[in-house]
Amino acid sequence: MAINKIDKKRGNLQGYRVRVSYQDTNGKFKQVERVCYGLAEAQMTEKRLTIDYKENKEGLAKSKMTVRELYDEYMAYHATETRKTSHVSTAAKLQKRVLPYLGDCRLDKLTQQKLANWKIEISKQDLSLTTKKNGYTALSALLNYAVKMEYIPKNPLSALGTFKDSNVIEEPGKKLRYYTPEQFLKFIEVAKSHCNTIKDWDYYVYFNILFYLGLRKGEATALKWSDIKGDTVCIRRSISQKLGSGDYEALPKSKGSIRDLQMPTPLIDILNEHKERQRAVSHIFTEDYRICGGETPLRDSSVENRNKKYASEAELPHIRIHDYRHSHASVLANNSINIQEVARRLGHADVQMTWNIYSHLYPQESQRAVSVLNQIVQK
């Protein structure tokens with residue numbers, strides 16, 4: 001660090017060159033210079049640059065922390081930024097897929113080669129491609145946090161890219177499964193035929209909600225009668241069910257997931273009838289009752305068991321609970337409903353996400369485009 005006079009003046013103020021040497025987070029020696037006018041300004045600049053230097057030294061020390069130490073710091077921060085369910089999920093991914101392999105590695109020693117070796121180890125395991133990709137995403141987010149905190153200059157994992165299945169060529173929408181309206185009517189007819197108790201009706205209503213509103217299963221499970229305002233349902237909460245940790249009610253997945261949806265007449269009628277059933281069987285019925293389940297929400301496992309049973313009896317292919325959401329979107333897309341409205345109803349934060357998933361369902365416009373152009377007749 002030094003302050004030297006230079007052959008420059010500004011008015012009556014003498015020029016000075018302030019120079020500070022430091023070591024960056026990669027261990028390389030660097031210098032920073034500033035030209036100032038007046039000794040007081042030069043001394044103040046030197047002091048400020050010295051402080052920056054010390055902070056940089058702290059960053060260098062932080063770069064020597066291990067991935068496990070970074071994990072502890074990151075998860076404390078992560079807990080304040082995300083929902084509890086997302087926090088627990090991220091912690092589990094890092095604990096299972098990252099810490100056993102990279103936990104003791106220092107950040108400044110975390111090279112692309114070590115990360116490539118990590119990918120090789122994970123690739124050898126009998127895991128689904130989705131599980132492997134989720135591990136990659138969690139690790140990438142962890143390292144992005146280190147970049148944000150200036151512990152490392154860049155994320156070394158980014159250059160390697162996520163896991164891929166070299167034997168599969170993925171096409172948008174190729175794996176999308178859903179029921180057509182005709183298939184759903186067959187399914188729900190079987191569901192209705194099993195309605196002998198109030199619990200049976202709960203499942204019947206639940207599947208109707210999934211299809212007609214396109215809700216996530218946690219959103220549908222969390223619905224209360226107080227969420228119904230006339231012909232509109234207000235999505236304000238979601239329930240997550242985890243083995244060993246019980247139910248957890250929180251806000252929906254994202255800000256865009258908080259939405260009001262106008263309901264179609266068939267669903268309004270189904271809900272009105274079900275509300276009267278619950279009133280009839282309960283002496284303490286309140287508007288805080290779950291629409292499906294009453295005092296306690298339906299269990300995910302029981303819903304899936306019914307789903308398989310009804311599909312089998314209706315002689316339909318089995319689809320996941322989440323695929324009823326795809327079924328809802330497919331009805332809208334095949335009827336050319338604006339993609340922005342589809343995104344709004346699904347609660348997607350970004351319409352691009354909706355387009356990436358459902359664009360192939362929209363009617364092809366090529367023939368219609370040619371037809372329009374054919375009508376331009378030259379004279």
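Throughout what follows, the structure given in this document is the object of discussion. (Residues numbered from 1 in each chain as written. Predicted model: local features only at pLDDT ≥ 70, side-chain atom pairs only at ≥ 80, totals over all residues. Heavy atoms only, no water.)

## Considerations on unusual backbone geometry
Step number 1: Even without glycine at this site, Glu 315 takes up a positive phi of about 60°.
Step number 2: If you trace the backbone, Glu 315 turns up in the loop between α11 (300–313) and α12 (323–334).
Step number 3: Residue classification places Glu 315 among the exposed residues on the basis of a relative accessible area of 70%.
Step number 4: We note that Ser 336 has phi near 60°; this positive angle belongs to a residue other than glycine.
Step number 5: Relative to the assigned elements, Ser 336 resides in the loop between α12 and α13 (339–346). (Helix = DSSP H or I, 4+ residues; strand = E, 2+ residues; numbered from the N terminus. Buried < 20%, exposed > 50% of the residue type's maximum accessible area, 1.4 Å probe, protein only.)

## Concerning the nonpolar core
Step number 1: Counting residues in each nonpolar core, the largest one holds 43 residues, and the members touching the most others are Phe 187, Phe 207, Ile 209 and Tyr 324.
Step number 2: Taken together, the elements giving at least two residues each to this core come down to α7 (181–193), α8 (198–213), β5 (232–235), α10 (265–281) and α11.
Step number 3: Tallying contributions element by element places α8 first for this core, with 11 residues.
Step number 4: Excluding residues within four positions of it along the chain, Phe 187 makes contact with Tyr 179, Phe 207, Asn 307, Tyr 310, Ala 311, Ala 314, Leu 316 and Tyr 324.
Step number 5: If you look at the next biggest cluster of nonpolar residues, it comprises 28 residues, including Met 65, Leu 102, Ala 138 and Ile 152. (Core = buried A, V, L, I, M, F, W, Y, C linked by side-chain atoms within 4.5 Å. Contact = heavy atoms within 4.5 Å.)

## Observations regarding the pairing of β5
Remember that side chains alternate between the two faces of the sheet whenever the strand is regular.
Step number 1: Burial of β5 is two-sided: the residues Thr 232 and Cys 234 facing one way and the residues Val 233 and Ile 235 facing the other way are all buried.
Step number 2: The sheet contact formed by strand β4 (residues 228–229) and β5 spans two bridges and is antiparallel. Within the sheet, the bridge partner assigned to Ile 228 lies in β5 and is Val 233.
Step number 3: Here β4 folds back onto β5, and the loop between the two strands holds two residues, one of which, Gly 230, carries a positive phi near 65°. (Pairing = 2+ DSSP bridges.)

## Things to note about the sheet that holds strand β8 (residues 259–262)
Step number 1: Strand order across the open sheet formed by three strands is β4-β5-β8, with antiparallel pairing between neighbours. Two strands close off the open sheet at either side, each with one partner strand: β4 and β8.

## What to know about the pattern of salt bridges
Step number 1: Counted under the stated rule, the structure contains 18 salt bridges.
Step number 2: Where Lys 124 meets Glu 121, a salt bridge forms, and the shortest distance between an N and an O atom there is 3.6 Å. In this pair, Lys 124 and Glu 121 are both assigned in helix α5 (residues 112–124), three residues apart and thus about one turn of the helix distant.
Step number 3: Glu 121 gets classed as partly exposed once you look at its relative accessible area, which sits at 37%.
Step number 4: Between Lys 217 and Asp 300 there is a salt bridge whose closest N-O contact spans 3.8 Å. Of this pair, Lys 217 sits in helix α9 (residues 217–222) while Asp 300 sits in helix α11, and the two are 83 residues apart along the sequence.
Step number 5: Here Asp 300 falls in the partly exposed class, since its relative accessible area comes to 21%.
Step number 6: Among the ionic contacts, a cluster of salt bridges with common partners joins Lys 275, Glu 276, Arg 279 and Glu 287. (Salt bridge = Lys/Arg side-chain N within 4 Å of Asp/Glu carboxyl O.)

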